[in-house]
Amino acid sequence: MSPESKKLFNIIILGIAFMFMFTAFQTCGNVAQTVIRSLNSTDFHGSGYTSMAIIYGVFSASNLITPSVVAVVGPQLSMFASGLFYSMYIAVFIQPFTWSFYTASVFIGIAAAVLWTAQGNCLTINSDEHTIGRNSGIFWALLQSSLFFGNLYIYFAWQGKTQISESDRRTVFIALTVISLVGTVLFFLIRKPDPENILGEDESSDDQDLEINEPAQNNMTKAADAFKKSLQLCVTKEMLLLSITTAYTGLELTFFSGVYGTCIGAVNKFGTEEKSLIGLSGIFIGIGEILGGSLFGLLSKNNRFGRNPVVLLGILVHFVAFYLIFLNMPGDAPIAPLEGTDSRAYITSSKEVAIFCSFLLGLGDSCFNTQLLSILGFLYSEDSAPAFAVFKFVQSICAAVAFFYSNYLLLPWQLLVMVIFGFCGTVSFFAVEWEAAAIVARGSDYRSI
C-alpha cells in the first residue's frame, strides 16, 4: 500500500470507528433527557442537562492536559482507552443510579478530551496541505453518519409511545453499548503513517510530530512541551479569534444534540408521535451533517475562494433554522415537565417544519466544523495536538455553559444567545481566513485547500 493510500485508509478507519462510537453516544445524548423524565418517578433523580454540563465542564478542564497524554501514550491507545469510558457511560443507562450516572459523566468528560485531541492529531499526521480539506470532510461525513443509524431505530421502536418502558430502555442501551465497543476496537486497525510528507513537516524541521517519530526525549519532557505549547497557543491572535467561532459551535452543539430533541418530545400538539419524532429529528440532523461533510470534502480541492463562503453558508442556514424554530416551538419547550407542554407557538406547531429545522441545524453545523478542522490542521500543522486541545477546550466549556442554562432559559433566549455568538464567530473566522496564507508563510498553494 502506498503512503498516500495508507493515510487515506487511516482516515476512513478513523471515521468509521467514530461513526460506531457516536452512533451510540449521540443517540444516547439525544434521548437521555426524555428517558430520564420517565425515570424520575423512581429512585433515580438525575438530569440529562446536568449530566451533559458536567461532561463538557470536565471536558474543557481536561483539555489542558490531554496534549501531554497523547504525546506520551500516542493517539491510537488514547482513542482506545477513551472509547472504553464512552461505552461505560452508555452502559450506565441499562440500570441507572443517580450516583453512577454523575460519576460516569465525570469520567467521560476526561475521556472525551483525550479522544478529540488524539483524533485531531491523527487527522493531521495523516494529511498534508493538499489533503487536509478532503480528509476533514471525509471524517466529518463518516462521523455524522452516526446520527442516522441510532436515531432510525429510535424512530421506529418508539413510534406511538408517550412513556419509555424499562424493557425499551434496556434493549436500546445494551445495543448502544455493544455498538460503542465495536467502534473502540476498530482503532487498532489504524496504521502508523510513513514519516515523510506529513502536514507541516520538512526535512529541516526541528519540531517533528510527537506521534510518528521515535521519541528523542523522555516522556516527562514530551508531556511538559505539549502542555507548554497549549498555553502558548491560547494567547495567539489567531487562536483567540478562532475561539469565538469555536464558542459558537459549542453553543449550537448543545442545542441540536440535546435541547432541540427534548423540545420536540415535549410538544403535546405532536400527539403520540412526539417521542418517535426525537429519533426522526436526529436522522435529519445526521443527513444535514453527512451532506455538508461530503459536499465540502469533495469540493475542497477545487475551491478557489477559501473557507469563508462555506462558513457564510453555515451561518445563514442556522439563522433561517433559528427563526423557524422560534416561530414553530413553544417558548417553554426546553424546560417543560414530564407531561409536556400545551403552550402555543407563534404559528401552529408543525412536525414537518420541526424536522426541516433539524436538517438545517445539521447542515449548518457541518459548515462550521469542517472548516474549523481544516483551518486548524493547516495553521497549526506542527502543533496539531495542542491546537486541537485548545479548540476542544473552548468548544466544550461553552457547551457546558449552554447545557447548564438550558435547565432554566426559555427557548427564545437560548436562540438569541446563539444568534449573537454566531454572528461574531463568523466575522472572526473571516478575519483569520483572510490572513491565513501570511500566518503560515510557506510556499504551498493555499487556495487549493
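Residues numbered from 1 in each chain as written. Predicted model: local features only at pLDDT ≥ 70, side-chain atom pairs only at ≥ 80, totals over all residues. Heavy atoms only, no water.

*Asks:* I tried to follow helix H3 (residues 66-73) on my own but got confused; where do I start?
*Replies:* The complete set of buried residues in H3 reads Thr66, Pro67, Ser68, Val70 and Ala71. Phi for Gly74, located one or two positions after H3, is positive at around 95°. (Buried < 20%, exposed > 50% of the residue type's maximum accessible area, 1.4 Å probe, protein only. Helix = DSSP H or I, 4+ residues; strand = E, 2+ residues; numbered from the N terminus.)

*Asks:* Looking at this structure, how should I read the packing of aromatic side chains?
*Replies:* Two descriptors summarise a pair of aromatic rings, namely the distance from one centre to the other and the angle between the planes of the rings. Going through the model one piece at a time under the given rule, you end up with 23 aromatic pairs. Here the aromatic rings of Phe22 and Phe25 are separated by 5.9 Å at their centres, their planes lie at 90°, and the arrangement is edge-to-face. A residue pair is termed a helical-turn pair when its members lie 3 or 4 positions apart in one helix, as Phe22 and Phe25 do in helix H1 (residues 3-39) at three residues. Overall, Phe22 belongs to the buried group, its relative accessible area being 4%. In textbook terms, an aromatic cluster arises when at least three aromatic residues are bridged by ring pairs, as seen for Phe18, Phe22, Phe25, Tyr86, Tyr89, Phe93, Phe101, Tyr102, Trp116, Phe139, Phe173 and Phe187. Its end group placed over the ring of Phe9, Arg191 keeps NZ or CZ at 5.0 Å from the ring centre. Positioned over the ring face of Trp116 is Lys392, at 4.0 Å from the centre of the ring. (Phe/Tyr/Trp six-rings, centres within 6.5 Å; stacked < 30°, edge-to-face > 60°. Lys NZ or Arg CZ within 6 Å of the ring centre and 35° of its normal.)

*Asks:* Help me understand empty space enclosed by the protein, please; the structure alone is not making it clear to me.
*Replies:* By rolling a water-sized probe across the atoms, one finds the places where empty space is left. All chains considered together, the criterion is met by seven cavities of 30 Å³ or more. Phe22, Gln26, Tyr56, Trp116 and Leu253 are, among the 27 residues lining the largest cavity, the residues nearest its centre. Those elements that place two or more of their residues in the lining of the largest cavity are H1, helix H2 (48-62), helix H5 (98-125), helix H6 (132-144), helix H10 (237-266), helix H11 (274-299), helix H13 (351-379) and helix H14 (384-405). Per-element tally for the lining of the largest cavity: the top contributor is H1, with five residues. By residue class, the composition of the lining of the largest cavity is 15 nonpolar, 10 polar and two charged. Shared between two domains, the lining of the largest cavity takes at least three residues from each, and those domains are domain 1 (1-191) and domain 2 (221-441). (1 Å grid on protein atoms, 1.4 Å probe; cavity = no way out; pocket = protein on both sides within 12 Å on 5 of 7 lines; lining within 4 Å. Points joined across faces, edges and corners; volume = space filled by probe spheres on them. Nonpolar A, V, L, I, M, F, W, Y, C, P; charged D, E, K, R; others polar. Domains from an automatic or database assignment.)

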